[in-house]
Amino acid sequence: MTLEIRPVHGIGDVTAGDDLAELITKAAPWLTDGDVLVVTSKIVSKAEGRLVEVPADGPEREEARQRALADETARVVARRGPTTIVQTHHGFVMAAAGIDASNVDKTHLVLLPADPDASARALRDSLRGRGLDVAVIISDTMGRAWRNGLTDVALGAAGIGALRDHRGEIDPYGNELTLTQMAVIDELAAAAELVKGKSDRVPVAVVRGYPRTTHSDLGARELVRDTASDMFSLGTAEAHEQGLRDAARLSPEPAGTDVARFVAARSGALRLTPAGPAPADLLRLGAEAQGVRVSLAAAGLRSSVEFDDEGVTVTIEGDL
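The present account deals with the structure reproduced in this document.

1. Let's talk about the sheet that holds strand E14 (residues 301-307)
Thought 1: Taken together, three strands build an open sheet; the order of strands is E13-E15-E14 and the sheet is antiparallel. Pairing within the sheet leaves two strands with one partner each, and these edge strands are strand E13 (269-272) and E14. Across this sheet, the average inter-strand angle for adjacent strands is 20°, counted without regard to direction.
Thought 2: Of the strand pairs in this sheet, E13 and strand E15 (residues 312-319) are connected by four bridges, and their pairing is antiparallel. Residue pairing in the sheet places Arg-271 in a bridge with Thr-313 of E15.
Thought 3: In this fold helix H8 (residues 279-298) packs onto E13, E14 and E15, with an angle of close to 10° to the strand it touches most, E15.

2. Section: the sheet that holds strand E5 (residues 83-88)
Thought 1: The strand order across the open sheet formed by three strands is E4-E5-E6, and the pairing between neighbours is antiparallel. Edge positions in the sheet fall to strand E4 (73-80) and strand E6 (93-95), since each has one partner strand and no second. Strand-to-strand twist across the sheet, computed as the mean angle between neighbouring axes with direction ignored, equals 30°.
Thought 2: Bridge count between E5 and E6: three bridges; the pairing is antiparallel. Each residue of the ladder has a partner; that of Val-86, found in E6, is Met-94.
Thought 3: Strands in contact with helix H3 (residues 59-72) are E4 and E5; relative to E4, the strand with the most contacts, it is inclined by about 125°.

3. Brief notes about unusual backbone geometry
Negative phi characterises most residues that are not glycine, and trans characterises most peptide bonds.
Thought 1: For Ala-97, which is not glycine, the phi dihedral falls at a positive 60°.
Thought 2: Note on placement: Ala-97 falls in the loop between E6 and strand E7 (108-110).
Thought 3: Backbone geometry places Trp-146, a non-glycine residue, at a positive phi of 70°.
Thought 4: Examined against the element boundaries, Trp-146 turns out to sit in the loop between strand E8 (135-144) and strand E9 (147-158).
Thought 5: Taking relative accessible area as the criterion, Trp-146 reaches 73% and is therefore assigned exposed.

4. Re H3
Every α-helical turn comprises 3.6 residues, leaving residues that sit three or four positions apart pointing alike.
Thought 1: Over its 14 residues, H3 runs 20 Å from end to end, which matches the ideal 20 Å to within 8%, given 1.5 Å per residue.
Thought 2: Residues of H3 that are buried: Arg-61, Ala-64, Ala-68, Leu-69 and Glu-72. Along the long axis of H3, the arc covered by the buried residues comes to 140°, so they all point the same way. Seen from the open side of H3, the exposed residues pointing more than 90 degrees away from its buried face are Pro-59, Arg-67 and Ala-70.
Thought 3: Those residues of H3 hidden inside the fold are in contact with E4, E5 and E7.

5. Focus on the nonpolar core
Thought 1: Counting residues in each nonpolar core, the largest one holds 24 residues, and the members touching the most others are Ile-24, Leu-37, Val-39, Leu-123, Leu-127 and Val-204.
Thought 2: For this core, the secondary-structure elements that each account for two or more residues are helix H1 (20-27), strand E2 (36-40), helix H2 (41-47), helix H4 (116-128), E8 and strand E12 (204-208).
Thought 3: When residues of this core are assigned to their parent elements, the largest contribution, four residues, is made by H1.
Thought 4: Apart from the residues within four sequence positions on either side, Val-204 is in contact with Pro-7, Val-8, Ile-11, Ile-24, Leu-37, Val-38, Val-39, Ile-43 and Lys-196.
Thought 5: Core analysis: the next-biggest nonpolar cluster, separate from the first, contains 17 residues, Val-36, Ile-137, Val-184 and Ala-220 among them.

6. Section: the pattern of salt bridges
Thought 1: Inspection of every chain in the model, using the stated rule, returns 17 salt bridges.
Thought 2: For Glu-62, the salt bridge is made with Arg-65, and the minimal N-O distance between the two is 3.0 Å. Separated by three residues within a single helix, Glu-62 and Arg-65 lie in helix H3, roughly one turn from each other.
Thought 3: Owing to a relative accessible area of 23%, Arg-65 belongs among the partly exposed residues under this scheme.

Procedures and definitions
- Residues numbered from 1 in each chain as written.
- Predicted model: local features only at pLDDT ≥ 70, side-chain atom pairs only at ≥ 80, totals over all residues.
- Heavy atoms only, no water.
- Pairing = 2+ DSSP bridges.
- Helix = DSSP H or I, 4+ residues; strand = E, 2+ residues; numbered from the N terminus.
- Axes fitted to C-alpha atoms, helices over the stretch in contact; angles between N-to-C directions.
- Contact = heavy atoms within 4.5 Å.
- Buried < 20%, exposed > 50% of the residue type's maximum accessible area, 1.4 Å probe, protein only.
- Expected span 1.5 Å × (residues − 1).
- Arc of directions from axis to C-beta.
- Core = buried A, V, L, I, M, F, W, Y, C linked by side-chain atoms within 4.5 Å.
- Salt bridge = Lys/Arg side-chain N within 4 Å of Asp/Glu carboxyl O.

Quick look at the structure:
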């Protein structure tokens, strides 16, 4: 198999309501059936009006960006300094929910397309209406767990299978492949980025020569791993905090106390007393005191405990 990757020059600035199929076919009259069109998500978002107006500078700009981030976030995965990794409502895990301030005027931020697979299907259908049978991949840049550097991946796809499934095939040594599934649309998105670049104003590339033998109606969502099967669905610190919270819930909450309010206050002392004089009541009291301390540790607070003949006093001493 021989692949050719060609940039599409001359598309120019894209604004809300623009016809991407028209812009692309005018800039690339050499497109032909069987090509794979890789389109940067930013111009799709611009054409679909997925922009947020923000102040050009000052603290108000950051406040507006944070509001946009909150709106686009389904779940926070990790925070480190100024960087926030989140899961978007699409299911993608990426920095800042994919919100971008590059290649756009200073008074706007660009959000991801609302439904990248639907956007890919719409563009493919529009091109088919012009007599072109091409696959469409909508791409964006992401980091990777355990590796430095960024690469383009597929957010949406139409007319091409997301995965190349080698399971059941036999390798040259006679071994049956049982796990190998290649994310071909990610590979093609990354290859296309080599000719697009980040500052060359080339938002579209064409991959020619890839055999589109596998089709799927699932689009790029087929590559999104659900949280239940993701062994690394939280950052390290966040997983540690969640473990402490889960441990705190193993023992019942102290009767007549408001642990959440106590944690939120971040100061003072909480007094716990046994339900009765029986040994089991005293054991339960000790477990409750430990549960409170674990809850405090999950909130990043250091505590001490003091037992006396009538009960237990848990005191918040400060941040860990």
